[in-house]
Amino acid sequence: MDNSKTGSLPPPEDQIVEATMSPPTSQAGMSELRRLLFGEKLESLKPTTTVKAEAVSEVLAEAIAQSHAQYSKKLTQAAVPTVESAIQTSVETDINVLSEALFPIIGPATRKSVAAAIRNLTQSFNQGLEHSLSPQSFKWRWEARRTGRSFAEVVLLRTLVYQVEQVLLIHKETGLLLQQVVSEQAQSQDPDLVSAMLTAIQDFVQDSFNVQSGGSLDTLEVGEVNIWIEAGPQAVLACVIRGNAPQELRGQLQTTLEQIHRAYASPLKDFEGDQEAFGSSQTYLQDCLKAQFKTRGNGQKQRPTKLLIGLGCLTLLLGAWLGLRIKAGQQWQAYINQLEQEPGLVVIQQKRQGGKFKLSGLQDPLAQSPDALLAQTKLKPEQVTMRWEPYLSLDDAFTLKRWEAWLEPPDSVTLKLDPDQVLHLSGTAPVSWINFSQRLLAKGGEGLRDWNTEALIPQEQQQLKALQEQIEQRSILFSQGSTNIEAGQQATLQAQGEDLAEVMAIAQALDLEVGRITLAGYSDPKGDRKDNQDLSQARATTVQQALIQQGIPAPLLQTQALGENHQTTPENPQNRRVSISIELPELETQSPTPPAP
Amino acid sequence: MIQKKVCMVGSFATGKTSLVARFVKGIYSDKYQTTIGVKIDKKVVETGPQPMTLVLWDIYGEDEFQNIRMSYLRGAAGYFLVVDGTRRETLDIAIQLQAKVEAHIGPVPFIVMLNKCDLEENWEVTPGDIDDLQAKGWTVLKSSAKENVAVETAFSKLAEQMSRPQSNSIPWEAA
Ligand SMILES: Nc1nc2c(ncn2[C@@H]2O[C@H](COP(=O)(O)OP(=O)(O)OP(=O)(O)O)[C@@H](O)[C@H]2O)c(=O)[nH]1
Ligand SMILES: [Mg+2]
């Protein structure tokens, strides 16, 4: 108070005098003592606010950082009132500033919690509905009244049977296991492998289905077992659950994961593969290791008479109502039987909920559509909810279909799968496709023990054969005793040239060489034998020239004079002809290149 | 216990799965069954200053039908680039993959495995190629899953490289 003022200001001259003369009061004595000790230096200790602010501002940031490191709680606590009143002031002055800053956080946060709340609600609602008319429900209603809980709550409590068997804490980036807990009764898989595999599945799903950012796989269902996955920024929590867990467990996972993120913030960030830092997280994980079992026959006896009367009425009502439901139930059962017979469809779970039917199962992409099968029954589609997960059936019919889809064979090719899982390919196909199919099969045959392409005939070979036959059947006819072709034979000559050109083109496309093309000239026996020999030569040469004109390479064209010795029948114009024969190249398909010799 | 994620990367049929099978289970088969997706195995390496668990991600090989998904490499502390010595093109693909992986997960230790050295007389990869790789400062090993050559060595070498502090990942320390 006054004391502090005197402490820092030098007392006026008269005061000093006074002080020396009268016996010093304690206050005046202090001042005197100070003056004697510090003398003029006192002046410099005067708190000039400007100087101090400057000095403090220089070290303020560092000071806060240090104090945070050493006494984090204290500083935070000290700051709370200031921060609170700062926020209050900010809101009072201009509410827009804060609300704009918070906007990007509040949106997703509310969406998430609303979605979770709705999910919880629907689940308990469904359960409530399902049990609202069962005989047990009477007891539960009674219990609800007695305990002041809602009926839905009691149903949930009494029907859920589940056990969390294993909880894994996984480092998100590397997929490495940080810690795990296993319930006593459960047999667990190697958690290191499970963590990595779950991470790989997550990656796969995220990549393959192009999920929007932030979305991730959160449930895996494998028969009885559910895996619930909760992903945080640095770590992932995965729970292996047997049975039906309530949605609240999801909330527990979220809380636990948040706690772990808070408690292990820096070990998570700097994780280099050392699990040791996470040893103590066991206690957190233990919170998720929950189980709930159906309680049978415990609890006090209900008043029997009241209960019996109630049950009696209820049974009557139920009887009438069940009559209506039985019919639908039979149709449903028939439908399930049909699905079970169908290759590529596996029914995993099916149940009736209220007036509705629910079904989940596995469907090979190539199987009959369950919807189409449903349409053939009397059941109404809106009565039925189905969920089908894709899987690959190893049924032979599907292996074959799948290979058909992969190989896309042309219509002329037949695929057959024999009982030993050997795939036989037969028919004609372009060489390029044959090579492709052999390469694909050589990569390892899914569902196949072996494969055989020996019966595949290259389509090009057939084309060449057909052209050869066509060319060799034609003759170009000549006028009697002349090297002029007969009227109307020009078209035949033209056709021979075109077919030969096509042979060349096919061969070239396959990188093959056409063998010899022989032009054989003939003449009839009229006139001198030697002249006829020359005439047949001249006819062959005429055709040779014409074909060269049409673009057939000269070196391939050989002439042959067969004179008058090769008569067909006497007086046949065919005796004055030139016919063509070709040697075809042997066509081989390239054998598949094996991956390793 | 220290754990590290290690990936097997390379073209198809270079022997990634065979190397892992040899290392983890000590077995080898001539039968080729292509890997679909990812296969995970683990093994503890005891050779270093402290034992280390390697969690091995055996990823399907790159071929003309599909590229390797880089997301499978996230968080890997090291990887093997597996090359089939008898097929030159698998080396080119490995070099391209190395650049891709490094761009994706940063400079972590890796070892080039020139596999199938039991068939060295049929190799298309030449000593010159190997010199080129070494000139880049890469660790190159000739291996054979079939005859168990250099398999143990490779894994313990990578484990050792991974246990060193990663100075090259701190930019201001790079010379
Ligand atoms: N001679 C020889 N063959 C090998 C060696 N390693 C693998 N192979 C063979 O090469 C083929 C391919 O081996 P995999 O290990 O399946 O190859 P991969 O790299 O896993 O192939 P993808 O999973 O398709 O990418 C198989 O037939 C193996 O038997 C080796 O060291 N020597
Ligand atoms: Mg493989």
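In this text the structure is predicted, and so the values were computed from the model without any measurement.

So, on to the pairing of strand 1 (residues 2-10) of chain B. Residues and elements named next belong to chain B. Counted residue by residue, strand 1 has nine buried out of nine residues, so it is predominantly covered. Burial along strand 1 is two-sided: the face carrying Ile2, Lys4, Val6, Met8 and Gly10 and the face carrying Gln3, Lys5, Cys7 and Val9 are both buried. Pairing of strand 1 with strand 3 (residues 52-59), which is carried by seven bridges, proceeds in the parallel orientation. What sits directly across from Lys4, in strand 3, is Leu54. With five bridges connecting them, strand 1 and strand 4 (residues 78-84) associate as parallel partners. Note that in strand 4 the partner of Met8 across the bridge is Phe80.

This part covers the sheet that holds strand 9 (residues 384-390) of chain A. All names here are of chain A. Read across the open sheet, the three strands follow the order 7-8-9; overall the sheet is mixed. Every other strand in the sheet has two partners, leaving strand 7 (345-353) and strand 9 as the edge strands with one partner each. For this sheet, the mean angle separating the axes of adjacent strands, direction not counted, is 15°. Across eight bridges, strand 7 lies against strand 8 (residues 356-363) in antiparallel orientation. When the sheet's bridge partners are listed, Lys351 is paired in strand 8 with Lys358.

Here the focus is the interface of chain B and chain A. Each side of the interface is counted separately: chain B has 27 residues, and chain A has 28 residues. Taking both partners together, chain B and chain A bury about 2,500 Å²; carbon and sulfur atoms supply 54% of that area. Looking at the side of chain B facing chain A, the largest losses of area belong to Gln3(B), Ile40(B) and Arg74(B), adding up to 23% of the total buried there. Inspection of the region where chain B meets chain A yields four salt bridges.

Sheets are built from strands paired through backbone hydrogen bonds, the pairs being either parallel or antiparallel. Residues and elements named next belong to chain A. Spatially, the three strands line up as an open sheet ordered 10-11-12, and their pairing is mixed. A single partner strand is all that each edge strand has here, and the edge strands are strand 10 (413-417) and strand 12 (450-458). Adjacent strand axes in the sheet meet at a mean angle of 10° when their direction is disregarded. With five bridges joining them, strand 10 and strand 11 (residues 422-429) adopt antiparallel strand pairing. Note on strand 11: the bridge partner recorded for Leu417 is Leu423. Here helix 16 (residues 459-473) sits on the sheet and contacts strand 11 and strand 12; the angle it forms with strand 12, its principal contact strand, is near 25°.

Attention now moves to a nonpolar patch on the surface. All names here are of chain A. On the surface, a nonpolar cluster with roughly 320 Å² of combined accessible area is contributed by Val83, Ile87, Val91 and Ile95. Looking at the nonpolar patch element by element, the count peaks at three residues for helix 4 (residues 49-93). Relative to the elements of secondary structure, Ile87 occurs in helix 4.

What follows concerns the site of ligand 1. Around ligand 1 there are 25 residues in total, and Thr17(B), Ser18(B), Tyr32(B), Thr34(B) and Gly61(B) lie nearest to it. Chains contributing residues to the immediate surroundings of ligand 1 are chains A and B. In this structure, an oxygen atom belonging to ligand 1 sits 2.6 Å away from a side-chain N or O atom of Thr17(B). In this structure, Ser144(B) approaches ligand 1 through a side-chain N or O atom, which is 3.3 Å from an oxygen atom. In terms of residue count, the dominant contributor to the shell around ligand 1 is helix 1 (residues 16-25) of chain B (three residues).

The full count for this structure, using the stated rule, is 10 aromatic pairs over all chains. Where Phe23(B) meets Phe155(B), the ring centres are 3.8 Å apart and the plane angle is 5°; that geometry is what we call stacked. Linking Phe23(B) in helix 1 with Phe155(B) in helix 4 (residues 151-163), this pair joins segments that are 132 residues apart in sequence. Phe23(B) sits in the buried class, given a relative accessible area of 3%. Taken together, Tyr264(A), Phe271(A), Phe278(A) and Tyr284(A) form an aromatic cluster joined through their ring pairs. Between Lys5(B) and the ring centre of Trp57(B), over which it is positioned, the NZ or CZ distance is 3.5 Å.

Let us look at the pattern of salt bridges. A side chain with one charge may pair with a side chain of the opposite charge, provided their charged atoms come close. A complete count under the given rule lists 24 salt bridges over all chains for this structure. Across the salt bridge formed by Asp499(A) and Arg474(A), the nearest N and O atoms sit 3.0 Å from each other. Placement of the pair is Asp499(A) in helix 17 (residues 490-509) and Arg474(A) in the loop between helix 16 and strand 13 (475-477), with a sequence separation of 25 residues. As a salt-bridge pair, Arg88(B) and Asp92(B) come within 2.8 Å of each other at their nearest N and O atoms.

Once that is clear, we can look at the nonpolar core. Counting 58 residues, the largest nonpolar core has Val167(A), Trp57(B), Leu81(B) and Val112(B) as the members making the most contacts within it. With five residues, helix 2 (residues 88-105) of chain B is the single largest residue contributor to this core. Excluding anything up to four places from it in sequence, Leu81(B) contacts Val9(B), Ala94(B), Leu97(B), Gln98(B), Phe110(B), Ile111(B), Val112(B), Met113(B) and Trp138(B).

So, on to the coordination of the magnesium ion (ligand 2). Those donors, Thr17(B) (OG1) and Thr35(B) (OG1), are the protein atoms that reach the magnesium ion (ligand 2), and they lie 1.9 Å from it. With Thr17(B) in helix 1 and Thr35(B) in the loop between helix 1 and strand 2 (38-45), the pair connects residues that are 18 residues apart, well separated along the chain.

Confidence in the prediction of chain A, expressed as mean pLDDT, is 77, and 74% of residues score 70 or more. The element-level mean pLDDT for chain A is lowest in helix 1 (residues 2-8) of chain A, coming to 37, with strand 2 (residues 177-182) of chain A highest at 92.

Residues and elements named next belong to chain B. Packing of helix 1 against helix 4 brings their axes to within 10 Å, and their N-to-C directions diverge by 90°. As the angle between them shows, helix 1 and helix 4 are arranged roughly perpendicular. Contacts between helix 1 and helix 4 involve Leu19, Arg22 and Phe23 on the former and, on the latter, Val151, Glu152 and Phe155.

It is worth spelling out the state of the cysteines at this point. Residues and elements named next belong to chain A. Overall, the coordinates contain zero disulfides over all chains when judged by the stated rule. Cys288 takes part in no disulfide bond, and the closest cysteine sulfur to it belongs to Cys239, at a distance of 5.2 Å. Taking the relative accessible area as the measure of exposure, Cys288 reaches 0% and is therefore buried.

Now for helix 16 of chain A. All names here are of chain A. Taking 1.5 Å per residue, 15 residues should reach 21 Å; helix 16 reaches 21 Å between its end C-alpha atoms and fits that length. Of the positions making up helix 16, those classed as buried are Glu460, Gln461, Leu464, Leu467, Gln468 and Ile471. Buried residues along helix 16 cover an arc of 125° about the axis, so they all sit on one side. Exposed and oriented more than 90 degrees from the buried face of helix 16 are Glu469 and Gln473. In this fold, the buried residues of helix 16 make contact with strand 11, helix 15 (431-442), strand 12, helix 17 and strand 16 (577-582).

Attention shifts here to the side chain of Gln166(A). Looking at the element boundaries, Gln166(A) is found in strand 1 (residues 162-171). Accessibility expressed as a relative area gives 5% for Gln166(A), which makes it buried.

Rules used in this analysis
- Residues numbered from 1 in each chain as written.
- Chains lettered and ligands numbered in written order.
- Predicted model: local features only at pLDDT ≥ 70, side-chain atom pairs only at ≥ 80, totals over all residues.
- Heavy atoms only, no water.
- Buried < 20%, exposed > 50% of the residue type's maximum accessible area, 1.4 Å probe, protein only.
- Helix = DSSP H or I, 4+ residues; strand = E, 2+ residues; numbered from the N terminus.
- Pairing = 2+ DSSP bridges.
- Axes fitted to C-alpha atoms, helices over the stretch in contact; angles between N-to-C directions.
- Contact = heavy atoms within 4.5 Å.
- Buried area = accessible area lost by both parts, 1.4 Å probe.
- Salt bridge = Lys/Arg side-chain N within 4 Å of Asp/Glu carboxyl O.
- Patch = residues over 30% accessible without salt bridge, like charges linked within 9 Å, V, L, I, M, F, W, Y side chains within 5 Å.
- Areas by Shrake-Rupley, 256 points an atom, 1.4 Å probe, with all protein chains shown as cover.
- Near = heavy atom within 4 Å.
- Polar contact = N/O pair within 3.5 Å; in protein donor to acceptor, adjacent residues only side chain to side chain.
- Phe/Tyr/Trp six-rings, centres within 6.5 Å; stacked < 30°, edge-to-face > 60°.
- Lys NZ or Arg CZ within 6 Å of the ring centre and 35° of its normal.
- Core = buried A, V, L, I, M, F, W, Y, C linked by side-chain atoms within 4.5 Å.
- Donors = N, O, S within 2.8 Å, 3.2 Å for Na, K, Ca; no water.
- pLDDT = per-residue confidence, 0-100.
- Parallel < 35°, antiparallel > 145°, perpendicular 65-115°, else oblique.
- Disulfide = S-S within 2.5 Å.
- Expected span 1.5 Å × (residues − 1).
- Arc of directions from axis to C-beta.

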